[in-house]
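# A closer look at the structure
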Amino acid sequence: MNNFKNLRGTVDLLPDQLIKWQNVEKIILEQLFRSSVKEIRTPILEMTDLFLRGIGEGTDVVSKEMYTFLDRGKRSCTLRPEGTASVARALIQNGLLTKPFQKLWYMGPMFRYERPQAGRQRQFHQLGVEFIGYESVRSDIEIITLAWDILEKLGIKELNLEINTLGDHVDRSNFQKAFLKWLEVNKNSLDQDSQRRIDKNPLRILDTKNIKTKKILEDSPRLFDFLSEKSLDRYLTIKEKLKLLKIPFIENFNLVRGLDYYTHTAFEITSGLLGSQATVCGGGRYDNLINQMGGAEIPAIGFAIGLERLILLSGNELEKSRETDIYIVNKGSNAETLAMQLSRKLRNYNLITELDLSGSSFSKQLKKANKLKSRCIIVIGDIEALKNEFVIRLFINVNSKNQEETISFGDDIKLDNWLKKNLLSTVLP
Ligand code: HAM
């Protein structure tokens, strides 16, 4: 028989792991709700051209990492490698850009054909946030602060914020001219990968990990020196405001990001606790993207957090979760019918109710309740069913008789009082 396996770079998230994921997602969603950011969901599959145009053909993501195929109608489709281009497309297509300001978030799987390693997968998950229509420097600060606060709320340690500015397209094209001239002279001293990038995406050379190239680049022209007064002003204000908010940052003039749409502010947040894949969040301003994709000239800024990296970093304290609040032990045909009705009623409360469906002996069912550390058990056997009642008791161990009560089916007030007194007053979050 064929032993099927998942594809390399994809993972199964199993029930025990998902408790942590759900806790992390809950904290994120609360913070987004409090910051009045609204959800948007776009398809996972898009036309390939969207990413060619949006992200840029010279980027690694587009040239090497996309999952692209022809569908049965011979249309080129791509599994989304990121969410920003899709959000821009959705806003244009649905006529939503008439609203002047929008704060949006999305969460879900993204796909990049990269070499898998710890914290790097081919199917991974991102939380993305996009502020559309926002031009002011304060929106840059607000978006960085939001990313920072989400990570802090999750208790992530050793965070480092790196910032840079990429200027506007005029600044960048002036810089690129000077940089290309310099590259022509220094080409042969660079590593092969950087040499290949000269024609495709010269800016990304600044981002090289090659130590020798890094050293040589120290003498290259700096984008910073080509900034217009306006761009420089913007950058200096961001630094000043971050200081006021006491968000520590370092400047990294080589931070260029891997996607072509960025203008002005670019930032990344890393954690010293992650290995080589240390970037947990990346983002920046993209004032030309919407226009470039056929929409009006609308400024925007956003970020995305890699959820796998977040999970690697989140502490064990997040893993605590309630398994079961009420375990219904039941045996005998009448008892089993009554137990089913009761479990439906109990699920109207904020309590986790587990109905034993095994039909096995009382002692086996009690052992299961014990194993699940249920806070309370309900017992319904033939005797109870005959009297149309059930026994409910706080469960400390198999022999415990504490806080026991017999309640008739239909006596909702008595049940309600018992639950309020014994369980609901201490329900865990
Ligand atoms: P990005 O830097 O390509 O930005 O990705 C953001 C984050 O996604 C990374 O910092 C990392 O945590 C995570 N990530 C990326 N690739 C992988 C992978 N193969 N495995 C695991 N995690 C990964 C963007 O995608 C932009 N759309 C962010 C943005 C939104 N900029 C403006 N708005």
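Residues numbered from 1 in each chain as written. Predicted model: local features only at pLDDT ≥ 70, side-chain atom pairs only at ≥ 80, totals over all residues. Heavy atoms only, no water.

### Examining the overall build of the protein chain
Stated formally: Where helices and strands are cited, they refer to DSSP runs of H or I of at least four residues and of E of at least two residues respectively, numbered from the N terminus. Only protein chains enter the calculation, and the probe is 1.4 Å; a residue is then buried if its accessible area is under 20% of its type maximum, exposed if over 50%, and partly exposed in between. Contacts: residue pairs with any heavy atoms within 4.5 Å of one another. The Shrake-Rupley method, run with a 1.4 Å probe, gives the accessible areas here. Residue values count only the displayed protein chains as cover. The convention is simple: Lys and Arg are positive, Asp and Glu are negative, and His and the chain ends are not counted. Here the site of a charge means atom NZ of a Lys, CZ of an Arg, CG of an Asp or CD of a Glu.
When helices and strands are tallied, the protein chain shows 15 helices and 16 strands. Counting only C-alpha atoms and orienting by the principal axes, one finds that the protein chain spans roughly 95 × 60 × 45 Å. In the protein chain, buried positions account for 51% of the 429 residues. Sequence separation of 24 or more characterises 68% of the internal contacts of the protein chain that already satisfy a separation of 6 or more. Of the roughly 22,900 Å² of accessible surface on the protein chain, a fraction of 51% belongs to carbon and sulfur atoms. The protein chain carries 63 positive and 55 negative side-chain charges, and their two centres are separated by 3 Å.

### Quick notes on the domain arrangement of the protein chain
The cut-off we apply is this: Where each domain begins and ends is defined by an automated method or by a domain database.
The domain boundaries assigned to the protein chain delineate domain 1 (15-168 + 228-317) and domain 2 (326-423). Each of domain 1 and domain 2 has a C-alpha centre, and the two are 48 Å apart.

### Describing the nonpolar core
To be explicit about the condition: Only buried residues count toward a nonpolar core, which is a set of Ala, Val, Leu, Ile, Met, Phe, Trp, Tyr and Cys residues joined through side-chain atoms within 4.5 Å.
Ile132 and Phe179 are the most contacted members of the largest nonpolar core, which totals 44 residues. Broken down by element, this core gets its largest block of residues, five residues, from helix 4 (residues 84-93). When neighbours within four sequence positions are excluded, Phe179 is seen to be in contact with Pro202, Ile205, Leu206, Leu217, Ser220 and Pro221. Counting residues in each nonpolar core, the second largest holds 42 residues, with Val129, Ile143, Leu161 and Ile311 among its members.

### So, the sheet that holds strand 3 (residues 67-70)
Rule in force here: Note on pairing: DSSP must find at least two bridges between two strands before they are called paired. To obtain an axis, a line is fitted to C-alpha atoms, over the contacting stretch when the element is a helix, and the angle between two such axes runs from 0 to 180 degrees between their N-to-C directions.
Read across the sheet, three strands follow the order 2-4-3 without closing on themselves; strand pairing throughout is antiparallel. The open sheet has two edge strands with one neighbour each: strand 2 (45-47) and strand 3. For this sheet, the mean inter-axis angle between neighbouring strands, taken without regard to orientation, is 35 degrees.

### Overview of the site of the ligand
For clarity, the cut-off: Being near a molecule or strand, for a residue, means having at least one of its heavy atoms within 4 Å of it. Between N or O atoms, a polar contact is any pair within 3.5 Å; within protein, one atom must be a potential hydrogen donor and the other a potential acceptor, and residues adjacent in sequence are included only when both atoms are from side chains. When residue character is reported, Ala, Val, Leu, Ile, Met, Phe, Trp, Tyr, Cys and Pro are called nonpolar, Asp, Glu, Lys and Arg charged, and the others, Gly included, polar.
Near the ligand, the surroundings consist of 26 residues, among which Glu82, Glu114, Gln121, Glu130 and Tyr262 are the closest. Taking Thr84, its side chain carries an N or O atom lying 2.9 Å from a nitrogen atom of the ligand. In this structure, a nitrogen atom belonging to the ligand sits 2.8 Å away from a main-chain N or O atom of Gln121. The protein chains hide 95% of the 660 Å² of surface that the ligand would expose on its own. Those elements that provide at least two residues to the shell around the ligand are strand 6 (123-132), strand 10 (279-285) and strand 11 (300-306). Counting residues per element, the shell around the ligand draws most heavily on strand 10, which supplies six residues. Here the residues of the shell around the ligand are counted per class, giving nine nonpolar, ten polar and seven charged.

### A closer look at unusual backbone geometry
In the Ramachandran plot, Ser36 falls in the positive-phi region, its phi being about 50 degrees despite a non-glycine side chain. Position of Ser36 among the secondary structure elements: in the loop between helix 1 (15-34) and strand 1 (38-39). Looking at Ser36, the relative accessible area reads 45%, which means it is partly exposed. A positive phi is found at Lys373, a non-glycine position, where the angle reads about 55 degrees. With respect to the helices and strands, the residue Lys373 is situated in the loop between helix 13 (362-371) and strand 14 (376-380).

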